Amino acid sequence: MNKKNKELLMKYKSVIGLIVFSLIIAVLNDRFLTVSNILNVFKQTSINSVIAAGMTFIILTGGIDLSVGSTLALSGAIAASLLASGTPMIVAVISAILLGAFIGFLNGIIIAKGKVQPFIATLAMMTIIRGVTLIFTNGRPISTGDFSGAEIFSFIGSGKVFGIPFPIIITIVVFAIAYYILKNTSLGRYVYALGGNEEATKLSGINVMQVKYKAYAISGALAAVAGLIVTARLSSAQPQAGSGYELDAIAAVVLGGTSLAGGKGGVIGTIIGALIIGILNNALNLMDVTSYYQLLIKGIVILVAVLIDRDSE
Amino acid sequence: MENIILRMENVRKEFPGVVAINNVHLNVYDGKIMALLGENGAGKSTLVKVMTGVYKRTSGDIYYKGEPVEFKGPKESQEAGIAIIHQELNLINELSIAENIFIGREFKNKFGRIDWKKTYIEAEKLLNEVGLNENPKEIVGALSIGKQQLVEIAKALSLNAKLIVLDEPTDALTDKETESLFKVMRKLREDGKSMVYISHRLEEIFEICDDVTILRDGEFIKEEKIENLTKDKMIELMVGRKLEEQFPKINHKFGKTIFQAVNLENKYLKDVSFGIKEGEILGIAGLMGAGRTELAKTIYGVYKLKYGKLILDDKEISINNPKDAINKKIAYVSEDRKKDGLILSLSVKENIHISALKNIEGKLGYLDRKKEKEDAQEYIDSMSIKTPSMNQKVKNLSGGNQQKVAIAKSLITNPKLLILDEPTRGVDVGAKKEIYDLINEYKKQGMSILMISSEIPEILGMSDRIIVMHEGRIAGELSIKEATQEKIMSLAVGEQVI
Ligand SMILES: Nc1ncnc2c1ncn2[C@@H]1O[C@H](COP(=O)(O)OP(=O)(O)OP(=O)(O)O)[C@@H](O)[C@H]1O
Ligand SMILES: [Mg+2]
């Protein structure tokens, strides 16, 4: 193999890995490679993908956001209760997203101004927001109710456009915007710079704190979008929704080749990472692997993928 | 013929898209110091990294003590008796001198407990050997760079190294520290150790080295005994042509006073006042720790002012952070490009633009890629930045070329006042001249330049006026006519000069 090919192979190794992985599963199970199952995989991946898109921003800055699962739950609960009380849908949706962004912004302030480690700050926020959600919902699911636009709202979770599930369309839009921001705007450049060398970024005249606020606000807002999808699909908000989702999102980002140290990676990798996790979940279900074994296998696959990735550096 | 301890033959090293060295030969003689010379990016660091197994060579042979060797990593070459002291020191700041020296090879008693007594005694012996008068319990982070350098050498000795490679060790040393380093090197040579010495300071080569190997653009040019070379000859071999006058002084009329610092005072500064005119280069001399970098960083908004005013264009300005400074057209090029200056993980193009993205920002925050490329190319050309492409990560450039990127990144903000902190640190002779020419070019256009430098010839050669700092104060000001090396030094050490 000549060098050019080798470089190309390195560049697209995650895509190649994803395809090879899918083919193996297709051979093992003939129900995998059907249009309806593939759409199903994409649909189920959409929630993790949307959260992971936001997580990519955070990890690129060298941070981490553990509070996304709780934010998902609280935003969903707020949306559901607003809808149930007859608020117009558009207002409910926007309020939920703004709430998510605000929680993220608070994370940003605590981390940038309060100089608290991102891990600790968002761990605390995760617990606080889960608490707020439980208080707000009284620990019980909130049904979106029989309001006049109920059907339109549930479209967010289970509608279809030209046969494509709506959550997939949301995911595509989210990733397109995230890609645009990271690739083509100053904010994107600053996110990479910050993760690469915070001190030099500051000395380059960049308001590092603002970059952090924005990154965490984006992550919070996207967690809220995921919360809306979940709530719309079930027509109710669960107080325990999203528990543990932060870990799947982090796994997707890292599988996608973004470095936990910051400064390296991007959202394209994250989609692939999320798909690998999604396909794995799907395949294990198709093959009737029990949930205990599913966890074990999932963990091993993540570890192996990251090791392969590291080796080739 | 002398004995050769290490010989490299036809060594080639490729990186993706770059041939860093090709067909290079290097002989290191028993008990001799071999200088390794070449411009920035000539391949010196790469060559010694290949020698010690940090990089795997693409082709070529290495013989150590007559045997062909293939070191798989620095640990293997270390065990074989080759120590390398990288320009970026590899010490752990939070640990003590003794802990650093014996890290990974601690003395233990039979219960696995570290034998501290023995550790300190052995460390003490090594420190004596390198002439470092410090308690081995001292934390390394508290030492000056020069002393840290000596700790690295002590560590090399503890490994019983036969061959020690020093990659630009004097880059950040004061003259005194350099002198004591040389004393240690001479002593090691007498003890029969061999050394490879990399530096851009050619005077040092004559002082300390026995032989010289010259590289240019990754190719081997010549090996020669030091006696057979002159400085001009050396430069000609390195650069491939003769260099004219190093400091082409520009005499022109200055404009009005554009910037004034009035009674600046904070933790680092005491009552510092000065002014600078349009088109003037004001040199700031002083010893390390005199507060020069702190002065620059205070003006640039990194450190807070306690008292005092900054006046730009006859208006008092307040600067609270570097962003304010850049908006007010004040730029700063740090002395520490890796830590404060560059984002090594980003490309050359991205680094050049990072402080001035708003110049290329369009609708929806979309960055104008075409203009970005054009601007980057302009600086790459005008500063002769050696890089395979503008998309190369800055991390992969040679030290001197990194420095040029750091300067370009400030120039692109189009400053009225440019503060240069050790602008030619680690830069080769040819590139130094290019940087001087560039500074002069901007001076001609009316930019005011504050130039901090520890190299007195540079201060004398470039400045229109010189202020000398001592312990956070301005110890004196000299016009370029009256300034001499002696006057600068005596002000710098705190003696009064009339
Ligand atoms: N890891 C790397 N990846 C890609 N290119 C590299 C890498 N390391 C060095 N290079 C390239 O190899 C060439 C030689 O670099 P090297 O660092 O050896 O130069 P040098 O002689 O030590 O220069 P300086 O005096 O500036 O330190 C340069 O063109 C540099 O850009
Ligand atoms: Mg070098």
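Given the structure is predicted, the values throughout are model-derived calculations rather than measurements.

Chemist: Can you tell me about the overall build of chain A, naming the residues and giving the values?
Modeler: A count of helices and strands for chain A gives 14 helices and four strands. For a compact globule of 313 residues, the expected C-alpha radius of gyration is about 20 Å, and chain A comes in at 20 Å, within 12% of that figure. With the C-alpha coordinates aligned to their principal axes, the bounding extent of chain A is approximately 65 × 55 × 35 Å. Within chain A, buried positions represent 51% of all 313 residues. For chain A, contacts bridging at least 24 residues in sequence account for 77% of all contacts bridging at least 6. The distance from the centre of the 21 positive side-chain charges to the centre of the 13 negative ones in chain A is 7 Å.

Chemist: Break down helix H2 (residues 13–28) of chain A for me, with residues and values.
Modeler: All names here are of chain A. Its 16 residues give H2 an end-to-end C-alpha distance of 22 Å, which sits within 8% of 22 Å, the value for a rise of 1.5 Å per residue. Along H2, the residues classified as buried are Leu18, Phe21, Ser22, Ile25 and Ala26. Down the axis of H2, the sector holding all buried residues measures 140°, keeping them to one side. The exposed set on the far side of H2, more than 90 degrees from its buried face, consists of Val27 and Leu28. On its buried face, H2 sits against helix H13 (267–286).

Chemist: Provide a residue-level description of the pairing of strand E10 (residues 219–225) of chain B, including the pertinent values.
Modeler: Note: strand E9 (residues 211–216) of chain B against E10(B), six bridges, orientation antiparallel. Within the sheet, the bridge partner assigned to Asp211(B) lies in E10(B) and is Lys225(B).

Chemist: Summarise the nonpolar core; cite the residues concerned and give the values.
Modeler: Side chains of a nonpolar character, in soluble globular proteins, are inclined to be buried together. Among the nonpolar cores identified, the biggest contains 82 residues, and Phe57(A) and Phe153(A) are the most heavily contacted of them. With 13 residues, the top contributor of residues to this core is helix H11 (residues 208–234) of chain A. Residue contacts for Phe153(A): discarding those within four places in its chain leaves Leu83(A), Met89(A), Val93(A), Thr144(A), Phe147(A), Leu228(A), Thr231(A) and Ala232(A). If you look at the next biggest cluster of nonpolar residues, it comprises 49 residues, including Ala123(B), Val130(B), Val151(B) and Met234(B).

Chemist: I'd like a rundown of the packing of H2(A) against H13(A), residues and numbers included.
Modeler: Residues and elements named next belong to chain A. Viewed as axis vectors pointing N to C, H2 and H13 meet at an angle of 10°, and their least axial separation amounts to 10 Å. The orientation of H2 relative to H13 falls into the category roughly parallel. Residue-level contacts link Ser14, Val15, Leu18, Phe21, Ser22 and Ile25 of H2 to Ile272, Leu275, Ile276, Ile279, Leu280 and Ala283 of H13. Here the residues of the contact of H2 with H13 are counted per class, giving 10 nonpolar, two polar and no charged.

Chemist: For the packing of helix H9 (residues 186–196) of chain A against H11(A), give the residues involved together with the corresponding values.
Modeler: Residues and elements named next belong to chain A. Across the interface, H9 lies against H11 with an axial gap of 10 Å and an inter-helix angle of 105°. When the axis of H9 is compared with that of H11, the two are roughly perpendicular. Residues Leu187, Tyr190, Val191 and Leu194 of H9 lie in contact with H11, whose contacting residues are Val208, Val211, Lys212, Lys214 and Ile218. Across the contact of H9 with H11, the residue classes tally to seven nonpolar, no polar and two charged.

Chemist: Which residues make up the interface of chain B and chain A, and what are the values?
Modeler: Taken together, the contact pairs 28 residues of chain B with 23 residues of chain A. Across the chain B/chain A interface, buried area totals approximately 2100 Å², and carbon plus sulfur atoms make up 52% of it. Considering only the surface of chain B that becomes buried against chain A, Lys323(B), Ile343(B) and Ile354(B) emerge as the three largest contributors, covering 20% of it. For the pair chain B and chain A, the number of links is two salt bridges. Two residues, Glu372(B) and Arg189(A), come together in a salt bridge whose shortest N-O distance is 2.9 Å. At the surface where chain B touches chain A, the tally comes to 11 residue pairs in polar contact (both at pLDDT 80 or more). Elements that contribute at least two residues to the side of chain B that touches chain A include exactly helix H10 (322–327), helix H11 (337–341) and helix H13 (369–382) of chain B. Its residues assigned to classes, the side of chain B that touches chain A shows 13 nonpolar, four polar and 11 charged.

Chemist: Outline the site of ligand 1, listing residues and values.
Modeler: Residue and element names in this part refer to chain B. The environment of ligand 1 is formed by 19 residues, the closest being Asn40, Lys44, Ser45, Thr46 and His200. Between an oxygen atom of ligand 1 and a side-chain N or O atom of Ser45, the distance comes to 2.8 Å. The separation between an oxygen atom of ligand 1 and a polar side-chain atom of His200 is 2.7 Å. For ligand 1, whose free accessible area comes to 640 Å², the fraction covered by protein is 90%. Counting residues per element, the ones that place at least two in the shell around ligand 1 are helix H1 (44–51) and helix H14 (399–411). Its residues assigned to classes, the shell around ligand 1 comprises five nonpolar, 11 polar and three charged.

Chemist: Give me the lowdown on the sheet that holds strand E12 (residues 272–277) of chain B, citing residues and values where you can.
Modeler: Remark on secondary structure: sheet strands pair via backbone hydrogen bonds, oriented parallel or antiparallel. Residue and element names in this part refer to chain B. Here four strands make up an open sheet; going across it, the order is E12-E11-E14-E15 and the pairing antiparallel. Sheet topology places E12 and strand E15 (315–317) at the edges, where each strand pairs with a single neighbour. Along the sheet, successive strands turn relative to each other by an average axial angle of 25°, direction set aside. Summarising the sheet, strand E11 (residues 257–265) and E12 pair through five bridges and their orientation is antiparallel. Opposite Ala261, over in E12, you have Phe274 as the bridge partner.

Chemist: Could you give an account of the confidence of the model for chain A, naming the residues involved and the relevant values?
Modeler: Mean pLDDT over chain A works out to 90, with 95% of the residues at or above the 70 mark. Per-element mean pLDDT across chain A ranges from 61 in helix H1 (residues 3–11) of chain A up to 97 in helix H6 (residues 118–137) of chain A.

Chemist: Hey, could you go over the packing of aromatic side chains for me, with residue numbers and the actual values?
Modeler: How two aromatic rings sit relative to each other is set out by the distance from centre to centre and by the angle between their planes. In this structure the tally under the stated criterion is 11 aromatic pairs over all chains. Centroid distance Phe105(A) to Tyr213(A): 5.3 Å. Interplanar angle 70°. Geometry classified as edge-to-face. Within this pair, whereas Phe105(A) is found in helix H5 (residues 89–112), its partner Tyr213(A) is found in helix H11, the two being separated by 108 residues in sequence. For Tyr213(A), a relative accessible area of 14% puts it in the buried group. The aromatic ring of Tyr120(B) is capped on one face by Lys137(B), whose charged end is 5.0 Å from the ring centroid. Lying over the aromatic face of Tyr29(B), Lys225(B) brings its terminal NZ or CZ to 6.0 Å of the ring centre.

Chemist: Got a sec to walk through helix H9 (residues 292–299) of chain B? Specific residues and values, please.
Modeler: Along H9(B), seven of the eight residues are buried, which leaves the element largely enclosed by surrounding structure. For H9(B), the complete set of buried residues consists of Arg292(B), Thr293(B), Leu295(B), Ala296(B), Lys297(B), Thr298(B) and Ile299(B).

Chemist: Tell me what's going on with the side chain of Glu458(B), and back it up with residues and numbers.
Modeler: Residues and elements named next belong to chain B. Structurally, Glu458 is set in helix H16 (residues 456–462). One buried charge, Glu458, has no salt-bridge partner; the nearest side chain with opposite charge is Lys432, at 5.2 Å. In this structure the side chain of Glu458 is engaged in a polar contact, spanning 2.4 Å, whose partner is the side chain of Tyr436. Contact partners of Glu458, with chain neighbours within four places excluded, come to Phe247, Pro423, Thr424, Tyr436, Met451, Ser453 and Ser463.

Chemist: Please give an account of a nonpolar patch on the surface that cites residues and values.
Modeler: On the surface, a nonpolar cluster with roughly 780 Å² of combined accessible area is contributed by Tyr12(A), Val15(A), Ile16(A), Ile19(A), Val20(A), Leu23(A), Ile24(A), Leu28(A) and Met287(A). On the secondary structure map, Val20(A) appears in helix H2.

Chemist: Requested: an account of the confidence of the model for chain B, with residues and values cited.
Modeler: With 98% of its residues at a pLDDT of 70 or more, chain B shows a mean pLDDT of 90. Model confidence for the complex: the whole-complex pTM is 0.84, and ipTM, which rates the interface, is 0.84.

Criteria and cut-off values
Residues numbered from 1 in each chain as written. Chains lettered and ligands numbered in written order. Predicted model: local features only at pLDDT ≥ 70, side-chain atom pairs only at ≥ 80, totals over all residues. Heavy atoms only, no water. Helix = DSSP H or I, 4+ residues; strand = E, 2+ residues; numbered from the N terminus. Rg over C-alpha atoms; globule rule 2.2 N^0.38 Å. Buried < 20%, exposed > 50% of the residue type's maximum accessible area, 1.4 Å probe, protein only. Contact = heavy atoms within 4.5 Å. Lys, Arg positive; Asp, Glu negative; His and termini not counted. Charge placed at Lys NZ, Arg CZ, Asp CG, Glu CD. Expected span 1.5 Å × (residues − 1). Arc of directions from axis to C-beta. Pairing = 2+ DSSP bridges. Core = buried A, V, L, I, M, F, W, Y, C linked by side-chain atoms within 4.5 Å. Axes fitted to C-alpha atoms, helices over the stretch in contact; angles between N-to-C directions. Parallel < 35°, antiparallel > 145°, perpendicular 65-115°, else oblique. Nonpolar A, V, L, I, M, F, W, Y, C, P; charged D, E, K, R; others polar. Buried area = accessible area lost by both parts, 1.4 Å probe. Salt bridge = Lys/Arg side-chain N within 4 Å of Asp/Glu carboxyl O. Polar contact = N/O pair within 3.5 Å; in protein donor to acceptor, adjacent residues only side chain to side chain. Near = heavy atom within 4 Å. Areas by Shrake-Rupley, 256 points an atom, 1.4 Å probe, with all protein chains shown as cover. pLDDT = per-residue confidence, 0-100. Phe/Tyr/Trp six-rings, centres within 6.5 Å; stacked < 30°, edge-to-face > 60°. Lys NZ or Arg CZ within 6 Å of the ring centre and 35° of its normal. Patch = residues over 30% accessible without salt bridge, like charges linked within 9 Å, V, L, I, M, F, W, Y side chains within 5 Å.

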